Amino acid sequence: MPLFRRRSGGDGAQDRAGWFGRGRSTAEAPAAGPAPAAPGAAARLDPALGDETVRRVLNQAAAGDWAALRPALEAASGDGAALVSLVGAVSDTAGSEEWSARAVAADPEDTLALLVSGARHITWGWEARSSARAKNVSEAQWKLFHERLETAEEQLLEVAEREPSWLAPWYFLQISARGISLGPEIATCRFEAAVRRDPAHLSSHRQRLQQLCAKWGGSHDEMHEFARSSMLAAPEGSPLGELVVLAHLERWLDLPDGEDHAYLTSPTVLGEIQEAAFRSVLHADFTPTRGWQATFNTFAMAFSLADQPKTARLLFDALDGMVTESPWHYLSGDPVKAFKSHSARAAAAY
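Residues numbered from 1 in each chain as written. Predicted model: local features only at pLDDT ≥ 70, side-chain atom pairs only at ≥ 80, totals over all residues. Heavy atoms only, no water.

1. Thoughts on the overall build of the protein chain
Here is step 1: For the protein chain, the count of helices and strands is 18 helices and 2 strands.
Here is step 2: Burial status across the protein chain gives 53% buried among its 350 residues.
Here is step 3: Partitioning the intrachain contacts of the protein chain with sequence separation of at least 6 by distance along the chain shows that 72% fall at a separation of at least 24.
Here is step 4: Here the protein chain displays about 14300 Å² of accessible surface, and carbon together with sulfur accounts for 53% of that area. (Helix = DSSP H or I, 4+ residues; strand = E, 2+ residues; numbered from the N terminus. Buried < 20%, exposed > 50% of the residue type's maximum accessible area, 1.4 Å probe, protein only. Contact = heavy atoms within 4.5 Å. Areas by Shrake-Rupley, 256 points an atom, 1.4 Å probe, with all protein chains shown as cover.)

2. Side note on the environment of Asp285
Here is step 1: Structurally, Asp285 can be placed in the loop between α14 (267–279) and α15 (292–305).
Here is step 2: Separated by 50 residues in sequence, Asp285 and Pro235 have C-alpha atoms that sit 9.1 Å apart.
Here is step 3: Those residues in contact with Asp285 that sit more than four places away from it in its chain are Glu236 and Gly237.

3. Focus: helix α7 (residues 139–162)
Here is step 1: Between its first and last C-alpha, α7 extends 35 Å over 24 residues, near the 34 Å set by a 1.5 Å rise per residue.
Here is step 2: Within α7, burial applies to Phe145, Arg148, Leu149, Ala152, Glu153, Gln155, Leu156, Val159 and Ala160.
Here is step 3: Here the buried face of α7 lies against α6 (111–129), α8 (168–179) and α9 (184–197). (Expected span 1.5 Å × (residues − 1).)

4. Comments concerning the packing of aromatic side chains
Here is step 1: By the definition in use, this model includes 11 aromatic pairs.
Here is step 2: Ring centres of Tyr171 and Phe172 lie 4.9 Å apart, and the angle between their planes is 75 degrees; this geometry places the pair in the edge-to-face category.
Here is step 3: Taking relative accessible area as the criterion, Phe172 reaches 2% and is therefore assigned buried.
Here is step 4: With 5.7 Å between their ring centres and 75 degrees between their planes, Trp328 and Phe339 make a pair best called edge-to-face. Of this pair, Trp328 sits in helix α17 (residues 325–328) while Phe339 sits in helix α18 (residues 335–348), and the two are 11 residues apart along the sequence. (Phe/Tyr/Trp six-rings, centres within 6.5 Å; stacked < 30°, edge-to-face > 60°.)

5. Focus on the side chain of His121
Here is step 1: Here His121 is to be found in helix α6.
Here is step 2: Sequence-distant contacts of His121, defined by excluding residues within four places in its chain, comprise Arg148, Leu149, Thr151, Ala152 and Gln155.

6. Notes on the pattern of salt bridges
Here is step 1: In total, this model carries 16 salt bridges according to the counting rule given.
Here is step 2: A salt bridge links Glu242 to Arg206; the shortest N-O distance between them is 2.9 Å. Within this pair, whereas Glu242 is found in helix α12 (residues 242–254), its partner Arg206 is found in helix α10 (residues 202–212), the two being separated by 36 residues in sequence. Neither residue differs from the other here; Glu242 and Arg206 are each classed as buried.
Here is step 3: A single salt-bridge network, built from bridges that share partners, covers Asp46, Glu52 and Arg55. (Salt bridge = Lys/Arg side-chain N within 4 Å of Asp/Glu carboxyl O.)

As structure tokens, then:
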């Protein structure tokens, strides 16, 4: 795999980015922080990111055991980010549309079951659409995609009405709105609804960044302005600095080979990436939360692509081989392979 070449696929890669941009979040709640890497730590893609609560929920979802799974969601319902995380993990589980539909049918008043079903319909919709280029998606695929997202809309809006304080429905509604092109006004309202409930919610900010990307009807200027203003409005040590890096990676994706590398290594862009790191992951006040590995992976890839292997090494060491699918899917269909190639290059810089 070429170290600095983007994964081929054109619009297909861009479309995958639109889905992965939802964050694949594990809960943004206090968790164990980064520790020095063990020598030779094996790179691995762990959907639970080492979190045993998430792992248990994933196992219960895979088994279709709603009775066992529900108490964990109920316990998290008072923590918006935690509930988003757990429901997001469940929504990625194949077959969860079947048992969640049964749970809703068995108890229509169970709002948690309705939330899970709505979130799953979003993932299920993207599965129907596939990661193919838009021009290669069949009419039948588009129809199924929209049907599933429309079901998600109906269910998640009902959740939002029943539980006005919950962040989760507004987080997921940002994704469905983008998928079925409800327009900028609705997208803005849904982001604002999410951050009213949790102003620092990183995953909701990631969704807003995706909405402002040129590929979703925004512009590079809007995207960069949002990323930078969000970072500067947050206290130093906030993970929202990741938004600046994500915006530069989105711009990098839009550039042809050759220009992309020149862009990331330009003094202006490199300076902004460094500033974002020192205001977030490399700041003394940075407090790791559950899911911090996704942010570290983003910074590690950006610094490696920008020919800053020593700074990348700091982040790779902290990750101890923990790979997240995003953003490495931009480089390869095998995120672990991409991670290993870049971490090896960073290690060789010493």
